[in-house]
Amino acid sequence: LSSLRASESFGSFGIEVAEFLQKEQLEVDRERELQQERKESMNHVIEEEIRAQDKTWCAALPILAFCGLLFSGLLVLCVSVEPQDWASALM
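Residues numbered from 1 in each chain as written. Predicted model: local features only at pLDDT ≥ 70, side-chain atom pairs only at ≥ 80, totals over all residues. Heavy atoms only, no water.

1. Side note on the overall build of the protein chain
Under the convention used in this document: Here a helix means four or more residues in a row that DSSP labels H or I, a strand means two or more in a row labelled E, and each is numbered from the N terminus. Exposure categories follow from relative accessible area, calculated using a 1.4 Å probe and restricted to protein chains: below 20% of the type maximum is buried, above 50% is exposed, and the middle band is partly exposed. Throughout, the Shrake-Rupley method with a 1.4 Å probe supplies accessible areas, and for residues the shown protein chains are the sole cover considered.
Check the secondary structure of the protein chain and you find 3 helices and 0 strands. The order of helices and strands in the protein chain, counted from the N terminus, is α-α-α. Looking at the protein chain as a whole, 0% of its 91 residues qualify as buried. By element, 64% of the accessible surface of the protein chain is carried by carbon and sulfur atoms, the whole surface being about 8800 Å².

See the structure below:
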């Protein structure tokens, strides 16, 4: 008798629980998809930043090479030329 009353009281409870669990699983799956999309988006942004840095170095490298050659030339000039007086030596 008590199990019959329990069955009447909780009859649709099992179905509701199953539906709730199914909805929760769909939500979990959706969250995983969103997380994967965010990861892919972040990876794309990081790759773009790396490419931008590479382009910056490619643009700066000739300038740095030119400055290095100019400095080397001035250093050779300063070492090879004898100063004529104190004012020239200080410059």
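From this point, the narrative continues.
2. Some points on the confidence of the model for the protein chain
So the rule is basically this: Per residue, pLDDT captures the predictor's confidence, and it can take any value from 0 to 100.
With 79% of its residues at a pLDDT of 70 or more, the protein chain has an overall mean of 83. Taken element by element, the protein chain is modelled with least confidence in helix 1 (residues 2–9), mean pLDDT 53, and with most confidence in helix 2 (residues 13–80), mean pLDDT 90.

3. Description of helix 2
Operational definition: A helix is expected to reach a length of 1.5 Å times the quantity of its residues less one. Throughout, the bend at a residue refers to the angle made by two axes, fitted to the seven residues ending there and to the seven starting there.
For helix 2, spanning 68 residues, the distance from its first C-alpha to its last is 97 Å, which sits close to the expected 100 Å at 1.5 Å a residue. When the local axis directions of helix 2 are compared, the greatest deviation, roughly 30°, occurs at A60, which is followed within four positions by the proline P62.

4. Notes on the pattern of salt bridges
The cut-off we apply is this: Each reported salt bridge corresponds to a side-chain nitrogen of Lys or Arg within 4 Å of a carboxyl oxygen of Asp or Glu.
Considering all chains together, one arrives at 3 salt bridges under this definition. Notably, a salt bridge pairs E33 with R30, separated by 3.4 Å at the nearest N-O pair. With E33 and R30 both in helix 2 and 3 residues apart, this pair spans about one turn of that helix. A salt bridge links R51 to E47, with the shortest nitrogen-to-oxygen separation between them at 3.9 Å. A residue pair is termed a helical-turn pair when its members lie 3 or 4 positions apart in one helix, as R51 and E47 do in helix 2 at 4 residues.

5. Quick look at a nonpolar patch on the surface
Rule in force here: Patch membership requires more than 30% relative accessible area and the absence of a salt bridge. Residues of like charge join within 9 Å; the nonpolar side chains Val, Leu, Ile, Met, Phe, Trp and Tyr join within 5 Å.
Taken together, the side chains of F66, L70, L74, L77 and V81 present a nonpolar region at the surface, about 500 Å² in accessible area. Here L74 is to be found in helix 2.

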